[in-house]
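Each chain is listed here by its residues.
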Amino acid sequence: MKKILLLLVFIPIFSISQEDKQNNSIKNQNSDFSNLSDGPYVFVEKNNLIEKRIINGEISSKVLGKNTYDTIYYPEKSTFKKINTIAALSDIHGQYDLVIELLINNEIIDKNLNWIFGEGHLVIAGDVFDRGDKVNEVLWLIYNLEIQAKNSGGHVHFLLGNHEYMVLQKDLRYISDKYKLTSKLLKLDYDELYSKKTIIGRWLRSKSTIIKINSNVFTHGGVSEEFISNNGSNFKRLNNKMRKYIDLPKNEIINDDIYNLYYGDKSLIWYRDYFQKYGDDLTDSDVSKILRLVNSQHIVVGHCSQDHIVQLYNNKIFGIDSSIKNGKYGEILIIRDKQFFRATLNGNKTQF
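First, a word on what this report is: a plain description of the structure on this page. For every chain, the first residue of the written sequence is number 1, and numbering continues from 1 onward in sequence order. The model is predicted, so local features are restricted to residues of pLDDT at least 70 and side-chain atom pairs to those at 80 or more, both for listing and for counting; the totals for chains, interfaces and linings are taken over all residues. To get the side-chain values, all heavy atoms of the structure are used, and hydrogens and water are removed first.

**Quick word on the overall build of the chain**
Right, so step 1: Counting from the N terminus, the helices are DSSP H or I runs at least four residues long and the strands are E runs at least two residues long. A tally of regular secondary structure across the chain gives eleven helices and 15 strands.
Right, so step 2: With respect to the three principal axes, the spread of C-alpha positions in the chain is 95 × 45 × 40 Å.
Right, so step 3: Whether a residue is buried, partly exposed or exposed follows from its accessible area with a 1.4 Å probe, protein chains only, as a fraction of its type maximum: under 20%, in between, or over 50%, in that order. When the 352 residues of the chain are sorted by exposure, 52% land in the buried category.
Right, so step 4: By sequence separation, contacts in the chain at least 24 residues apart represent 66% of the contacts at least 6 residues apart.
Right, so step 5: Only carbon and sulfur atoms are counted for the fraction: they give 47% of the accessible area of the chain, which is about 17,400 Å². Contacts are assigned to residue pairs with any non-hydrogen atoms lying within 4.5 Å of each other. Where accessible areas are quoted, they stem from the Shrake-Rupley method and a 1.4 Å probe; at the residue level, only the protein chains shown are allowed to cover.

Shown next as structure tokens:
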């Protein structure tokens, strides 16, 4: 009888303890959501545009006018000539505030985030996605600057890097905790926020992976001799090929030759061999051969993090991943009248 009484005493205590744990879990989850603000995400649903935002953990939806955004985005050219001024940076990884500071101090945009670079061309050489928690803000910034630049006779080129392809191909290992919460609250996988059913998703699928401006090639990882030998140097064809496979999940193509050609370590988005600490010890003649294959004088790449913008192989290669992803410092490459300048966060410029 004593044993039964003891059990009756302890059972409610145990039940209350479990209930408290569940309540605490719900409270913690709601607390996480209450601090969450994100968006906009604009979805294309039949003939409507639906904008969704998260404001302090609450989802806000509204129907936009049909002409608020374009819904069809055509691939742009892959080659541009007679451009007097070019600015290039890469690997922003969601560091919105830092990149705003960098662009303002180097007179690409003003304090109201308006384009003031005139007829100049701005190149973002991949990797806006992953790691940081303001990826969506950066994407909308680039989207809006692209429109403003065209209206001024300039141009914004957003090239796709390995992290863009990773997200669009459902490899979500590097998204920040914020976007895990956003996905949970909106009940969508993160890649679905940038699917073909969204404005930014459609816009992204029109982007190039490699372009040539004057005598300068821009891509995220780099151009390897192996890649050009196997795929040729027709940039338009290469970009169309990359777009063709953008929506195939990694697990569907990883054992295919296509994966090795376009997403392997010699591909445009993963190549690292220009940088000795990452890859092979290329010689100056090796790099000169690659430049001949693409009929260019310089190749500008991101992907390999440095403390600042660097030149390699007697100014043949420029590495523009200046570790913006760390959120502390960043630089931008300026090319003006065939002269190359390293532009710092505060706007100072040093010629290479």
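**Remarks on helix 11 (residues 284-293)**
Right, so step 1: Val287, Ser288, Ile290 and Leu291 are the residues of helix 11 that are buried. Along the axis of helix 11, the buried residues cluster in a sector spanning 160°; they form a single face.
Right, so step 2: The inward-facing, buried residues of helix 11 contact helix 7 (225-231), strand 10 (298-301) and strand 12 (317-319).
Right, so step 3: Just downstream of helix 11, Asn295 is the residue with a positive phi angle, here 55°. An arc is given here, and it is the one of the directions from the helix axis to the C-beta atoms.

**Some words on the sheet that holds strand 3 (residues 58-64)**
Right, so step 1: Pairs of strands are assigned from DSSP output, requiring at least two bridges between the strands. Reading across the sheet, the three strands line up as 1-2-3 and stay open at both edges, with antiparallel pairing between neighbours. In the strand order of this sheet, the two ends are held by strand 1 (38-45) and strand 3, each with one partner. When the angles between neighbouring strand axes are averaged without regard to direction, this sheet yields 20°.
Right, so step 2: Pairing between strand 2 (residues 48-55) and strand 3: seven bridges, direction antiparallel. Following the sheet pairing, Ile50 is matched in strand 3 by Val63.
Right, so step 3: Along the sheet, helix 5 (residues 177-186) contacts strand 1, strand 2 and strand 3; its crossing angle with strand 1, the most-contacted strand, is approximately 45°. The axes are straight lines fitted to the C-alpha atoms, using for helices just the contacting stretch, and the angles between their N-to-C directions are given from 0 to 180°.

**What to know about the environment of Asn348**
Right, so step 1: Inspection of the secondary structure assignment puts Asn348 in the loop between strand 14 (339-343) and strand 15 (349-351).
Right, so step 2: When the C-alpha positions of Asn348 and Asn84 are compared, they lie 20 Å apart, and in sequence the two are 264 residues distant.
Right, so step 3: Setting aside its immediate chain neighbours within four residues, Asn348 contacts Arg342 and Ala343.

**Overview of the sheet that holds strand 4 (residues 79-80)**
By way of backbone hydrogen bonds, the strands of a sheet pair with one another, either parallel or antiparallel.
Right, so step 1: Strand order in the open sheet formed by six strands is 4-8-9-10-12-11, and the pairing between neighbours is mixed. Every interior strand has two partners, whereas the edge strands, strand 4 and strand 11 (310-312), have only one.
Right, so step 2: Direction of pairing for strand 11 relative to strand 12: antiparallel, over a ladder of three bridges. Bridge pairing links Leu312 to Ile317 in strand 12.

**Brief notes about the nonpolar core**
Right, so step 1: The set of buried Ala, Val, Leu, Ile, Met, Phe, Trp, Tyr and Cys residues whose side-chain atoms join them within 4.5 Å is what this entry labels a nonpolar core. One finds Leu122, Leu139, Tyr194, Val223, Tyr274 and Ile332 to be the most contacted residues of the largest nonpolar core, which totals 91 residues.
Right, so step 2: Of all hydrophobic cores here, the second largest spans 17 residues; its members include Ile83, Ala125, Ile213 and Leu333.

**A word on the side chain of Glu146**
Right, so step 1: By the secondary structure assignment, Glu146 is in helix 3 (residues 135-151).
Right, so step 2: Those residues within four positions of Glu146 in sequence are excluded, and the remaining contacts are Val156, Trp203 and Lys207.

**Quick word on the pattern of salt bridges**
Right, so step 1: Think of a salt bridge as a Lys or Arg side-chain nitrogen and an Asp or Glu carboxyl oxygen that are within 4 Å of each other. One pass over the structure, following the stated rule, counts 15 salt bridges.
Right, so step 2: Notably, a salt bridge pairs Glu137 with Lys178, separated by 3.6 Å at the nearest N-O pair. With Glu137 in helix 3 and Lys178 in helix 5, this pair connects stretches of sequence that are 41 residues apart.
Right, so step 3: The class for Lys178 is buried, based on a relative accessible area of 16%.
Right, so step 4: The residue Lys180 makes a salt bridge to Asp177 at a minimum N-O spacing of 3.7 Å. In this pair, Lys180 and Asp177 are both assigned in helix 5, three residues apart and thus about one turn of the helix distant.

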